[in-house]
Amino acid sequence: MILAADIGNTTVALAALEGRKVVFTRRLPGAPALDGGAWGAVFEKQLAGTGLPAPEGAVLSSVVPALTGPVGEGLERLTGRPTLVVEKDTPTGLSLEQYDVSNLGMDRVVDCVAALTLYGGPAAVFDLGTATTLSVADKDGRFLGGMILAGVSLGLEALAARAAQLPPVTLAPPEGVLGTDTISCMRHGALYGAVGAIESVSRRLEEELGPITVVLTGGHSSLVAPLLQIPVRWEPDLTFLGLGAILERNRI
Ligand SMILES: Nc1ncnc2c1ncn2[C@@H]1O[C@H](COP(=O)(O)OP(=O)(O)O)[C@@H](O)[C@H]1O
Ligand SMILES: CC(C)(COP(=O)(O)O)[C@@H](O)C(=O)NCCC(=O)O
Ligand SMILES: [K+]
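Reading the values: rules and limits
- Residues numbered from 1 in each chain as written.
- Chains lettered and ligands numbered in written order.
- Predicted model: local features only at pLDDT ≥ 70, side-chain atom pairs only at ≥ 80, totals over all residues.
- Heavy atoms only, no water.
- Near = heavy atom within 4 Å.
- Polar contact = N/O pair within 3.5 Å; in protein donor to acceptor, adjacent residues only side chain to side chain.
- Areas by Shrake-Rupley, 256 points an atom, 1.4 Å probe, with all protein chains shown as cover.
- 1 Å grid on protein atoms, 1.4 Å probe; cavity = no way out; pocket = protein on both sides within 12 Å on 5 of 7 lines; lining within 4 Å.
- Sits in = over half its atoms within 2 Å of the grid points.
- Domains from an automatic or database assignment.
- Points joined across faces, edges and corners; volume = space filled by probe spheres on them.
- Helix = DSSP H or I, 4+ residues; strand = E, 2+ residues; numbered from the N terminus.
- Nonpolar A, V, L, I, M, F, W, Y, C, P; charged D, E, K, R; others polar.
- Expected span 1.5 Å × (residues − 1).
- Axes fitted to C-alpha atoms, helices over the stretch in contact; angles between N-to-C directions.
- Left-handed = near helix turned anticlockwise from the far one by under 90°.
- Contact = heavy atoms within 4.5 Å.
- Buried area = accessible area lost by both parts, 1.4 Å probe.
- Salt bridge = Lys/Arg side-chain N within 4 Å of Asp/Glu carboxyl O.
- Pairing = 2+ DSSP bridges.

## Examining the site of ligand 1
Stage number 1. Lining the immediate environment of ligand 1, one finds Gly 8, Asn 9, Thr 10, Thr 11, Arg 27, Gly 129, Thr 130, Gly 218, Gly 219, His 220 and Ser 222.
Stage number 2. In the model, an oxygen atom of ligand 1 is placed 3.4 Å from a nitrogen or oxygen of the Asn 9 main chain.
Stage number 3. One nitrogen or oxygen atom from the main chain of Gly 219 is found 2.8 Å from an oxygen atom belonging to ligand 1.
Stage number 4. Expressed as a share of its isolated accessible area of 570 Å², the protein-covered part of ligand 1 is 63%.
Stage number 5. If you map ligand 1 onto the pockets, it falls in the largest pocket.
Stage number 6. Of the domains in this structure, domain 1 (2–85) and domain 2 (101–242) are the two that each give at least three residues to the shell around ligand 1.

Here it is in C-alpha cells:
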C-alpha cells in the first residue's frame, strides 16, 4: 500500500493505493499551523481502523508551498521513508518543454500523467477545485498548456462579496436551466458557466487537435459532470492515480 497526497488551495486530499487501485480517500482542510508531527498524527488517525496494511511509500503534489514540507514530513512518519514530492524535474513521462514551467502547478502535470495512463493522448483535463484548470497533453506525451479560470465556488464567493444584493450561496444540483430566485440564479450561473466553458473549449480543442478525451476531476466535478452534453470521463480519483503512476516510475 502507498499513500498519495494532493495539496490544493482548499483541501489536502489523501489516498491509499494498492497497486493501481485507490482503496481509501479523505479530503482534509489545509491547516497552515500544523507541523510534520501533527500532520503525521492527523494521517494516522484517518487511517486507524481502516484495516489497511502499513504504507510502503508516499508521494505528494502541492500547489501550496507552505504546506509541502509539513505534509511530506507527516507522511514520512507513517512510511519511515522519504516522501517523493513531484517537482518540475521529477521524471513523470510527460514532456514539459512547451510550457514556461517556472510557476507551473504540479497538480496539472499529475492530472495529465493520469489521463495519458488511463486513455492515451490527446487528453484534456478539467480540474474543478479552488480554480478550474484545463491541462492538455498530446498523443506524444507532451504537455501543451491549458487555461486557468476562477473556480466554481470562487465565482459565487466573489459575487457575494462584491454585490450588495447577492448573498452567500452553497452549491447544489440545479433544477432545470433557469434559476427562479436569486440563490438559484447564482447557483445555475456558477454551474452552467463551467458547463459552457468546458463544452465550448473542448469543441475548439477538437478542431485544433482532432478527437480528444475530455476528463473531469476535482471537488466540484461531481456537480458539473452530469450537466455536460459532450462525452467526458469523470475521474474523481484522477490526481491520486497520477501520483501512484509517478511513484511507481520513480521507486528506487
Ligand atoms: N465529493 C464532493 N462533492 C461535492 N463537493 C466537493 C466534494 N469534495 C470536495 N468538494 C468541494 O470542492 C471544493 C474544493 O475542491 P478541491 O478539488 O478539493 O480543491 P483544491 O484542489 O483547490 O483544494 C471544496 O469547496 C469542497 O466543498
Ligand atoms: C491553478 C492552481 C491554483 C489550481 O490549484 P487548485 O485549484 O487545485 O488549488 C494551481 O495549479 C497553481 O497554483 N498553478 C500555478 C500556475 C500554473 O499552473 O501555471
Ligand atoms: K487540486
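So much for the structure itself; the text now carries on.
## Points about the layout of surface pockets
Stage number 1. There is about 930 Å³ of room inside the largest pocket.
Stage number 2. What lines the largest pocket is a set of 44 residues, and nearest its centre among them are Asp 6, Gly 8, Asn 9, Val 63 and Asp 107.
Stage number 3. When residues of the lining of the largest pocket are traced back to their parent elements, those giving at least two are β2 (11–18), α2 (65–79), α3 (106–119), β6 (123–128), β7 (131–137), α4 (152–162) and α7 (238–250).
Stage number 4. In the lining of the largest pocket, the residues fall into 16 nonpolar, 18 polar and 10 charged.
Stage number 5. Counting residues domain by domain, the lining of the largest pocket receives three or more from each of domain 1 (2–85) and domain 2 (101–242).
Stage number 6. Here the second largest pocket defines a volume of roughly 250 Å³.
Stage number 7. Considering the residues around the second largest pocket, the lining is formed by 17 residues, among which Leu 17, Gly 19, Arg 20, Gly 244 and Glu 248 are closest to the centre.
Stage number 8. Secondary structure elements with two or more residues in the lining of the second largest pocket: β2, α3 and α7.
Stage number 9. With six residues, the top contributor of residues to the lining of the second largest pocket is α7.
Stage number 10. Taken together, the residues of the lining of the second largest pocket sort by class into eight nonpolar, four polar and five charged.

## Focus: the site of ligand 2
Stage number 1. Around ligand 2, the surrounding shell holds 14 residues, and the nearest of these are Asn 9, Tyr 99, Gly 105, Arg 108 and Ala 131.
Stage number 2. Contacts to ligand 2 include Thr 130, whose backbone N or O atom sits 3.2 Å from an oxygen atom.
Stage number 3. Considering ligand 2 on its own, with 470 Å² of exposed area, one finds that the protein chains cover 82% of that surface.
Stage number 4. More than half of the atoms of ligand 2 fall within 2 Å of the grid points belonging to the largest pocket.
Stage number 5. Contributing elements (two or more residues each) for the shell around ligand 2: α3 and β7.
Stage number 6. Here the residues of the shell around ligand 2 are counted per class, giving five nonpolar, seven polar and two charged.
Stage number 7. A domain-level breakdown of the shell around ligand 2 finds at least three residues from each of domain 1 (2–85) and domain 2 (101–242).

## Here's the deal with α3
Stage number 1. Relative to the 20 Å expected for 14 residues at 1.5 Å per residue, α3 spans 20 Å between its end C-alpha atoms, a close match to the ideal helical length.
Stage number 2. Backbone geometry just downstream of α3 places Gly 120 in the positive-phi region, at approximately 75°.

## A closer look at the packing of α4 against helix α5 (residues 182–209)
Stage number 1. Interhelical geometry of α4 versus α5 gives an angle of 145° and a closest axis separation of 9 Å. The handedness of the crossing between α4 and α5 comes out as right-handed. On α5, the residues touching Val 152, Leu 156 and Leu 159 of α4 are Met 186, Arg 187, Ala 190, Leu 191 and Ala 194.
Stage number 2. Partitioned by chemical class, the residues of the contact of α4 with α5 number seven nonpolar, no polar and one charged.

## Looking at the domain arrangement of the protein
Stage number 1. Domain annotation of the protein identifies domain 1 (2–85) and domain 2 (101–242).
Stage number 2. One C-alpha centre belongs to domain 1, the other to domain 2, and the line joining them spans 25 Å.
Stage number 3. Domain 1 puts 14 residues into the contact, and the matching count from domain 2 is 13 residues.
Stage number 4. Of the roughly 960 Å² buried between domain 1 and domain 2 on both sides combined, carbon and sulfur atoms contribute 66%.
Stage number 5. At the boundary of domain 1 with domain 2, the tally comes to zero salt bridges.
Stage number 6. Mapped by element, the contributors of at least two residues to the side of domain 1 that touches domain 2 are β1 (2–7), β2 and β3 (21–29).
Stage number 7. It is β2 that provides the largest number of residues to the side of domain 1 that touches domain 2, a total of four residues.

## Topic: the sheet that holds strand β8 (residues 143–150)
Stage number 1. Reading across the sheet, the five strands line up as β8-β7-β6-β9-β10 and stay open at both edges, with mixed pairing between neighbours. The sheet is open, and its two borders are formed by β8 and β10 (233–234), each paired with just one other strand.
Stage number 2. Taken together, the seven bridges between β7 and β8 define a ladder with antiparallel strand orientation. Its bridge partner lying in β8, Thr 132 is registered against Leu 149.

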